Amino acid sequence: MTPDASVALPQGGQLTAGPVDASRFRRVLGEFCTGVVVITAQAGGQPVGFACQSFSSLSLDPPLVLFCPTRTSRSWPVIAQAGHFGVNVLSAEQREISSVFGRPGREKFAALDWAPSPNGAPLLARALAWLDCTVETVHEAGDHHVVVGRVDGLAAGAATSPLLFHRGHYTTTTEQPDPWLPHPDLRTEPDSWF
């Protein structure tokens, strides 16, 4: 195969050089679909938490995850002080919970069922999965922190659809389309990257 300039950009897409405008950055990165989690902790007997899209697995050995709170987050300093955090992977049925944890407020846990993890982090009822983590390292990155956590325990919940965020809106999974291959010489093998 040889490079073909006519397919180098998406249809109607245009790469621009120079400073990246924040609204364009948000719009283009909105094409990347993410899951939604709620990061939680307890400090001084008070539960705190916030909704988060910037969560990812990082390493299998040792088991590490990462998430990225904003530098202006009011929950993150409390979580940092606790030194432990929980990750609650939300299901499609938990859209309202994401909305509650996506805005400021102190009474986020008032009407929710939850139980403390072994590290003390609130684990929300009916989540798709839970992780109990210890803060390993924190890095400053632009207007966010990158928090790396060691996974001390984890469990899967009910096998339902995940809550997803795409193009600025909540969504969920649907039937999968047939795979598209750009060239017949490409062979599909079992994925090993995840």
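Now for a description of the structure that goes with this document. Numbering of residues starts from 1 in every chain and runs along the sequence as written. With the structure being a predicted model, the display of local features is reserved for residues of pLDDT at least 70 and the display and counting of side-chain atom pairs for 80 or more, all residues being used for whole-chain, interface and lining totals. Based on all heavy atoms of the structure, the side-chain values leave hydrogens and waters out of the count.

### Concerning the sheet that holds strand β4 (residues 55–59)
Pairing between sheet strands relies on hydrogen bonds along the backbone, with the strands arranged either parallel or antiparallel. Heads up, the condition is: Two strands qualify as a pair provided that DSSP identifies no fewer than 2 bridges between them. Runs of E in the DSSP output that reach at least two residues are strands. Runs of H or I that reach at least four are helices, and both are numbered from the N terminus. Every axis in this analysis is a line fitted to C-alpha atoms, fitted for helices over the stretch in contact. Angles between the N-to-C directions lie between 0 and 180 degrees. Two residues qualify as a contact provided that any one of their heavy atoms is within 4.5 Å of a heavy atom in the partner residue.
Pairing in this open sheet of seven strands is antiparallel, and the strands run β3-β2-β6-β9-β10-β5-β4 from one edge to the other. The sheet terminates laterally at β3 (46–52) and β4, the two strands that pair on one side only. When strand polarity is set aside, the average angle formed by the axes of neighbouring strands in this sheet is 35°. Relative to strand β5 (residues 64–67), β4 runs antiparallel, the two being bridged by four bridges. Opposite F55, over in β5, you have F67 as the bridge partner. Against the sheet, helix α2 (residues 75–82) engages β2 (37–43), β3, β5, β6 (84–89), β9 (129–141) and β10 (144–156), with an angle of about 120° to β3.

### Remarks on the side chain of Q94
Take Q94: it is sitting in the loop between β6 and α3 (95–101). Aside from chain neighbours lying at most four places away, what touches Q94 is V89, A125, R126, A127, L128 and L163.

### Section: the packing of aromatic side chains
The line we're drawing: Pairing of aromatic side chains here covers Phe, Tyr and the six-membered ring of Trp, requires ring centres within 6.5 Å, and sorts the geometry by plane angle: under 30 degrees stacked, over 60 edge-to-face, intermediate tilted. A simple rule labels every residue: compare its accessible area, found with a 1.4 Å probe on the protein chains alone, to the largest value its type can have, and call it buried under 20%, exposed over 50%, or partly exposed in between.
Applying the stated rule across the entire model yields five aromatic pairs. Measuring from ring centre to ring centre gives 5.7 Å for F109 and W114, while their planes differ by 65°; the resulting arrangement is edge-to-face. Using a relative accessible area of 30% as the deciding quantity, one classes W114 as partly exposed. Aromatic rings pair up to connect F50, F67, W76 and F85 into one cluster.

### A closer look at the pattern of salt bridges
So the rule is basically this: The salt bridge criterion pairs a side-chain nitrogen of Lys or Arg with a carboxyl oxygen of Asp or Glu, the two atoms within 4 Å.
Scanning the model with the defined rule gives three salt bridges in all. For R150, the salt bridge identified is with E136, shortest N-O distance 2.7 Å. Of the two residues, R150 sits in strand β10 while E136 sits in strand β9, which places them 14 residues apart along the sequence. Exposure remark for E136: the relative accessible area of 41% places this residue in the partly exposed category.

### Details of unusual backbone geometry
D61 connects to P62 through a cis peptide bond whose omega is 5°. When you line up the elements, P62 lands in the loop between β4 and β5. Even without being glycine, R126 reaches a positive phi, approximately 65°. By secondary structure assignment, the location of R126 is in the loop between β8 (122–124) and β9. Residue R126 is classed as exposed on the basis of its relative accessible area, which comes to 60%.

### Here's the deal with the side chain of S75
One can find S75 in helix α2. With sequence-adjacent residues up to four places away left out, S75 is seen in contact with V48, G49, F50 and K108.

### Let's talk about the layout of surface pockets
Here is the rule: A cavity here means a set of points on a 1 Å grid, drawn over the protein atoms and nothing else, where a 1.4 Å probe fits but cannot get out; a pocket is an open set with protein on both sides within 12 Å along at least five of seven lines, and a residue lines either one if it has an atom within 4 Å of a point. Grid points are joined across faces, edges and corners, and a volume is the space filled by probe spheres set on the points.
For the largest pocket, the calculated volume is near 1800 Å³. Together, 46 residues line the largest pocket, and F50, A51, C52, T70 and H144 are the ones closest to its centre. Looking at the lining of the largest pocket, the elements that each hand over two or more residues are α1 (22–29), β3, α2, α3, β10 and β11 (164–166). Of the residues forming the lining of the largest pocket, the biggest block, seven residues, is contributed by β3.

Structural measurements only, silent on function.
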